[in-house]
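Notes for the structure review
Residues per chain are reported as follows:
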Amino acid sequence: MKIRLAALAAVVAPAALFAAATPAAAKVTAEANVARAEGDWGGELAIGVPVIQDGGFSITPGAGVFFHHRDHPGYFTDDSQCFNRNSGAQVSDGKCDNSGTRFFGKVEAMYRLPMSLGLGVGARLIGDDLRAYGTVSMPILPRIDVKGNIGDHYLAAGLQARF
């Protein structure tokens, strides 16, 4: 877990420092997506701060949380108590609730045509996996886009708001 937090901090901290040094260019992006990552379906919430914006080009690092359904084959529930299948010992109820939460860091480079389509590439660090993906967005309201990401073991679609 310490390695994951250190890797996430290594991605997000430099971007946050650079964004703080250039407040005039700082905007915030927020995303809500339905996603499939590493074989699990779920939802993800992310926030980012563009650190470079020049014309239609931007580089946006960010961080988020992936909420997903997780299978716990080594545990079972009996009379509303959770037990380990191998030892029979009672364990925390979190092992039997089938929910999972994973933090991730990401960075995206995108070129956006004025009032039109945006195309880009990104990299997402979740757990120990760094995965590249392509991204596309299209405005549906002045500051809201419909957005999709596709990459190796990763697919997401949802809305992105720019503040």
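Remember, predicted model here, so these are calculated numbers, not experimental data.

Thoughts on unusual backbone geometry
- Residues other than glycine seldom take positive phi values, yet serine 80 does so here, at roughly 60 degrees.
- With respect to the helices and strands, serine 80 occurs in the loop between β5 (75-78) and β6 (81-84).
- Phi is positive for histidine 153, which is not a glycine, with a value near 60 degrees.
- Note that histidine 153 resides in the loop between β11 (144-151) and β12 (154-162).

As for the pairing of β5
- Note that β5 and β6 share four bridges and pair antiparallel. Looking at the pairing, aspartate 78 lines up with glutamine 81 of β6.
- Connecting β5 to the next strand, β6, in antiparallel fashion are two residues, including aspartate 79 with a positive phi near 55 degrees.

Overview of the environment of isoleucine 150
- Turning to its location among the elements, isoleucine 150 is positioned in strand β11.
- Judged by relative accessible area, isoleucine 150 falls into the exposed class, the value being 57%.
- In this structure the C-alpha to C-alpha distance between isoleucine 150 and alanine 35, which are 115 residues apart in sequence, comes to 9.7 Å.

Quick look at the confidence of the model for the chain
- On average, residues of the chain score 84 in pLDDT, and 82% of them reach the 70 mark or higher.
- By mean pLDDT, helix α1 (residues 2-21) is the weakest element of the chain at 46, and β11 is the strongest at 97.
- Confidence drops under a pLDDT of 50 for residues 1-25, and excluding neighbours within four residues, the segment shows 22 contacts in the predicted structure.

A few points about the pattern of salt bridges
- If you walk through the whole model with that rule in mind, you get eight salt bridges.
- Close ionic contact of arginine 124 with glutamate 44 constitutes a salt bridge, the shortest N to O distance being 2.8 Å. Linking arginine 124 in strand β9 (residues 118-126) with glutamate 44 in strand β2 (residues 40-48), this pair joins segments that are 80 residues apart in sequence. Glutamate 44 shares its class with arginine 124; the two are buried.
- Aspartate 145 is the salt-bridge partner of arginine 112, the closest N and O atoms lying 2.8 Å from each other. Here arginine 112, found in strand β8 (residues 99-112), pairs with aspartate 145, found in strand β11; they are 33 residues apart in sequence, far enough to count as distant.
- The exposure class assigned to aspartate 145 is buried, which follows from its relative accessible area of 0%.
- Connected via shared salt-bridge partners are Glu31, Lys106, Glu108 and Lys147.

Criteria and thresholds
- Residues numbered from 1 in each chain as written.
- Predicted model: local features only at pLDDT ≥ 70, side-chain atom pairs only at ≥ 80, totals over all residues.
- Heavy atoms only, no water.
- Helix = DSSP H or I, 4+ residues; strand = E, 2+ residues; numbered from the N terminus.
- Pairing = 2+ DSSP bridges.
- Buried < 20%, exposed > 50% of the residue type's maximum accessible area, 1.4 Å probe, protein only.
- pLDDT = per-residue confidence, 0-100.
- Contact = heavy atoms within 4.5 Å.
- Salt bridge = Lys/Arg side-chain N within 4 Å of Asp/Glu carboxyl O.

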